[in-house]
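# Notes for the structure review
In case you want the letters, here they are:
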Amino acid sequence: MIEVNSLVYTYPGQSSPTLKGLDFHIDEGEIFGFLGPSGSGKSTTQKLLIGLLEGYEGTFSILGKDATKWGTEIYEQLGVGFELPNHFSHLSAIENLKFFASLYQTPSKQEPMALLEKVGLKEDANKSVKEFSKGMKMRLNFVRALLHDPTLLFLDEPTAGLDPMNARILKDIILELKAEGKTIFLTTHNMWDADELCDRVAFINEGELVLIDSPRALKLAHGESIVELEYREGEENKKESFSLRGLGENDAFQKILKEDTLETIHSKEATLEDVFIKVTGRALR
């Protein structure tokens, strides 16, 4: 769906490039996460791929076709959710969706009111968007990207500014889109979203890709192969760690399970943020 080779981009007036030779591909039906802190090049990469920036070095193809060969017809197949929502504030939510739906050549395959209902905005459909909270604008921004039933979605920080309940709604919709065969390019600094949603993630730091793999593989490769127990021995609280290798035959571990009151048990695999800090020396925030 996307093939990127030696992609370099320097903003006008800057002496050094923001993107420094990116190479990656995204398969059909995959949720591919770009994970990195603010200013690392995530949004710049997305803007290049959707045609908002020009003057790059290297090559990339979209939907099997070189980017330079596409005209405006590409936007019939792309859906874009920008990080900062941008709406016609004096129009209502439903009027915004109907207007944007009219920009596409093919009739909308998604009913605007049904989309608003999916993200909890049905009761606010006829309210002026200027009265919306940031979270409401983010949800409207999200469903606007789905209006024309695109094949390929670009979502930039889709859950930013949302409370946990509404973030959950959007993440469930993203997983539904994947189940329908959609391909999704997800830029985020939210490690939990990336871990939950993405088939693979790319770590980008200061314009360079430092790792690409599945969240599970990265966490296992960079975590500790131990299990940690908290238990109560009589009236005393204790904590111990054991290697996962040979755990079933570990007498001390078995003794705790049989004789003491186990309170917590968990393995010590790394989080994606742990991995990112380990390989880059930087936090994701």
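For the structure itself, look to the data block above.
Residues numbered from 1 in each chain as written. Predicted model: local features only at pLDDT ≥ 70, side-chain atom pairs only at ≥ 80, totals over all residues. Heavy atoms only, no water.

### Looking at the packing of helix 2 (residues 93-101) against helix 4 (residues 134-144)
In the contact formed by helix 2 and helix 4, the axes pass within 10 Å of each other and the chain directions differ by 25°. The orientation of helix 2 relative to helix 4 falls into the category roughly parallel. Helix 4 is crossed by helix 2, and the crossing has right-handed handedness. Residues A93, L97 and F100 of helix 2 lie in contact with helix 4, whose contacting residues are L140, V143 and R144. For the contact of helix 2 with helix 4, a count of residues per class yields five nonpolar, no polar and one charged. (Axes fitted to C-alpha atoms, helices over the stretch in contact; angles between N-to-C directions. Helix = DSSP H or I, 4+ residues; strand = E, 2+ residues; numbered from the N terminus. Parallel < 35°, antiparallel > 145°, perpendicular 65-115°, else oblique. Left-handed = near helix turned anticlockwise from the far one by under 90°. Contact = heavy atoms within 4.5 Å. Nonpolar A, V, L, I, M, F, W, Y, C, P; charged D, E, K, R; others polar.)

### Section: the pairing of strand 1 (residues 2-9)
Both strand 1 and strand 2 (residues 19-26) contribute to a ladder of six bridges, which runs antiparallel. Within strand 2, the position partnered with L7 by the bridge is L22. In the sheet, strand 1 pairs with strand 4 (residues 57-62) via five bridges, with the strands oriented antiparallel. When the bridges of strand 4 are listed, V4 appears paired with F60. (Pairing = 2+ DSSP bridges.)

### Observations regarding helix 9 (residues 272-280)
Of the positions making up helix 9, those classed as buried are L272, E273, V275, F276 and T280. Buried residues of helix 9 fall within an arc of 160° about the axis and therefore sit on the same side. Check the buried side of helix 9 and you find it contacts strand 3 (31-35), helix 6 (191-197), strand 9 (200-205), strand 10 (208-213) and helix 7 (215-222). Following helix 9 by one or two positions, G281 adopts a phi angle in the positive range, close to 75°. (Buried < 20%, exposed > 50% of the residue type's maximum accessible area, 1.4 Å probe, protein only. Arc of directions from axis to C-beta.)

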